[in-house]
Amino acid sequence: MFNKEIISSFEYQTAVNQLASAKATLAQSEASLVSASQNLSFCAVTSPSNGVVGTFPYRIGSLVSPSISSPMTTVSEIGDVYVYFSMTEKELLQLTKAGGTLKEQLDKMPPVQLQLADGTLLEETGKIDAVSGMIDQSTGSVSMRAIFPNDKKILRSGGTGNVVFPYTMDNIVLIPQAATVEIQDKKFVYVLQSDNTIKNTEIRVSNLNDGKNYMVTGGLKSGDKIVVEGVQNLHDGQEITPITKEQRVAKFQQAMQDQKDGNLKTAFN
């Protein structure tokens, strides 16, 4: 229209100025949008990794920044869990005296198990993947690390337990923990004598156990018979009528049958 002289140069220039002003306003609005989007992103804190979230020490409305003394929370990646433990110098030598490089020694180390805080063993076995190159002179131990798969999410960051190594022991007697009586940090069992009396006998047990049984390393020999139930109500020299587990089960089943048949005189004997 300007080329055809339909409008004046003043009107044309006014329109050009208005277009430039509109473009400037659009650019300013787009810059404000970028700034607003950036500020909005600050309202959401995302973790750099997947995992289990810990506690939240801050409430809604609290001011947080990179300079806060306590972190907002802690995220623990627990797909595979590292377990840190110590081993004495003597025990380490037993595992590594074959020689070779550290990698070869680690590859030769057997899989280990983890005893949880409740005494049970984790189903999955772990693998030792790191050993400290120095022995702590104050404790005579070396720091080690094992990695355990944690597909069932049983393990948590900060948890405790015992690392269990496979270990061969000869001439070991396995007894139920319920069969023992503890007196002043010593363990005793009642051993059946030939005249059907019982003798209170001190035993030594291994520090390793499955939470249900003890491995007796001294005080008992193969063939000894001990009382496995009701030990809290017994005393040294008491005469008892010994029965086997099979006899106890049969007696219980007979008592249940007598109750069912109405033979009350024999049901509770």
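Residues numbered from 1 in each chain as written. Predicted model: local features only at pLDDT ≥ 70, side-chain atom pairs only at ≥ 80, totals over all residues. Heavy atoms only, no water.

Turning next to the pairing of strand E11 (residues 198-209). As judged from the six bridges shared by strand E10 (residues 186-192) and E11, these two strands associate in the antiparallel manner. Residue pairing across strands places Phe188 opposite Glu202, the latter belonging to E11. As consecutive antiparallel partners, E10 and E11 are separated by five residues, and within that stretch Asn196 has a phi angle of approximately 70°, a positive value. Between E11 and strand E12 (residues 213-218), which pair antiparallel one after the other, the connecting turn spans three residues, and Gly211 there sits at a positive phi close to 90°. (Pairing = 2+ DSSP bridges. Helix = DSSP H or I, 4+ residues; strand = E, 2+ residues; numbered from the N terminus.)

Its location among the elements puts Lys187 in strand E10. With residues up to four places along the chain from it excluded, the contact list for Lys187 reads Val181, Glu182, Thr201, Glu202, Ile203, Val205 and Tyr214. (Contact = heavy atoms within 4.5 Å.)

Time to look at unusual backbone geometry. In this structure, Gln184 is a non-glycine residue whose phi angle is positive, near 50°. Here Gln184 is to be found in the loop between strand E9 (181-183) and E10. For Gln184, a relative accessible area of 75% gives the class exposed. Not every positive phi belongs to a glycine, and Asn196 is a case in point at roughly 70°. You can see Asn196 is positioned in the loop between E10 and E11. (Buried < 20%, exposed > 50% of the residue type's maximum accessible area, 1.4 Å probe, protein only.)

Tallied over the full model, the rule gives one aromatic pair. Ring geometry for Tyr82 and Tyr84: centres 6.5 Å apart, planes at 50°, overall tilted. The ring of Tyr82 carries the charged tip of Arg145 above its face, separated from the ring centre by 3.9 Å. (Phe/Tyr/Trp six-rings, centres within 6.5 Å; stacked < 30°, edge-to-face > 60°. Lys NZ or Arg CZ within 6 Å of the ring centre and 35° of its normal.)

Before going further, it helps to spend a moment on the sheet that holds E11. Taken in spatial order, the five strands line up as E8-E12-E11-E10-E9 in an open sheet, and their pairing is antiparallel. For this open sheet the edge positions go to strand E8 (173-176) and E9, each flanked by a neighbour on one side alone. The average angle at which neighbouring strand axes cross in this sheet is 50°, direction not considered. (Axes fitted to C-alpha atoms, helices over the stretch in contact; angles between N-to-C directions.)

Before going further, it helps to spend a moment on the pattern of salt bridges. Pairing between side chains of opposite charge can happen when their charged atoms approach one another. Scanning the entire structure with this criterion turns up four salt bridges. Across the salt bridge formed by Arg145 and Asp129, the nearest N and O atoms sit 2.9 Å from each other. Of this pair, Arg145 sits in strand E6 (residues 141-149) while Asp129 sits in strand E5 (residues 127-131); the two residues are 16 residues apart in sequence, bridging distant segments of the chain. Residue class for Asp129 comes out partly exposed when judged on its relative accessible area of 28%. With a closest N to O distance of 3.8 Å, Lys187 and Glu182 form a salt bridge. Overall, Lys187 belongs to the buried group, its relative accessible area being 16%. (Salt bridge = Lys/Arg side-chain N within 4 Å of Asp/Glu carboxyl O.)

Turning our eyes to something else, we now look at the sheet that holds E5. One open sheet accounts for three strands, arranged E3-E6-E5; its pairing is antiparallel. Edge positions in the sheet fall to strand E3 (80-88) and E5, since each of these pairs with one other strand and no more. When the angles between neighbouring strand axes are averaged without regard to direction, this sheet yields 30°.

By secondary structure assignment, the location of Asn150 is in the loop between E6 and strand E7 (162-164). The buried category is assigned to Asn150, whose relative accessible area is 2%. Here Ile78 takes part through its backbone oxygen, which lies 3.0 Å from a polar atom of the side chain of Asn150. Discounting chain neighbours no more than four positions away, the residues touching Asn150 are Ile78, Gly79, Asp80, Val81 and Leu155. (Polar contact = N/O pair within 3.5 Å; in protein donor to acceptor, adjacent residues only side chain to side chain.)

The biggest cluster of nonpolar side chains holds 21 residues, and the ones touching the most others in it are Phe85, Leu114, Ile128, Val131, Met144 and Phe148. Looking at this core, the elements that each hand over two or more residues are E3, E5 and E6. Sequence-distant contacts of Phe85, that is, excluding residues within four places in its chain, are made with Ile128, Val142, Ser143, Met144, Arg145, Ala146, Val163 and Phe165. (Core = buried A, V, L, I, M, F, W, Y, C linked by side-chain atoms within 4.5 Å.)

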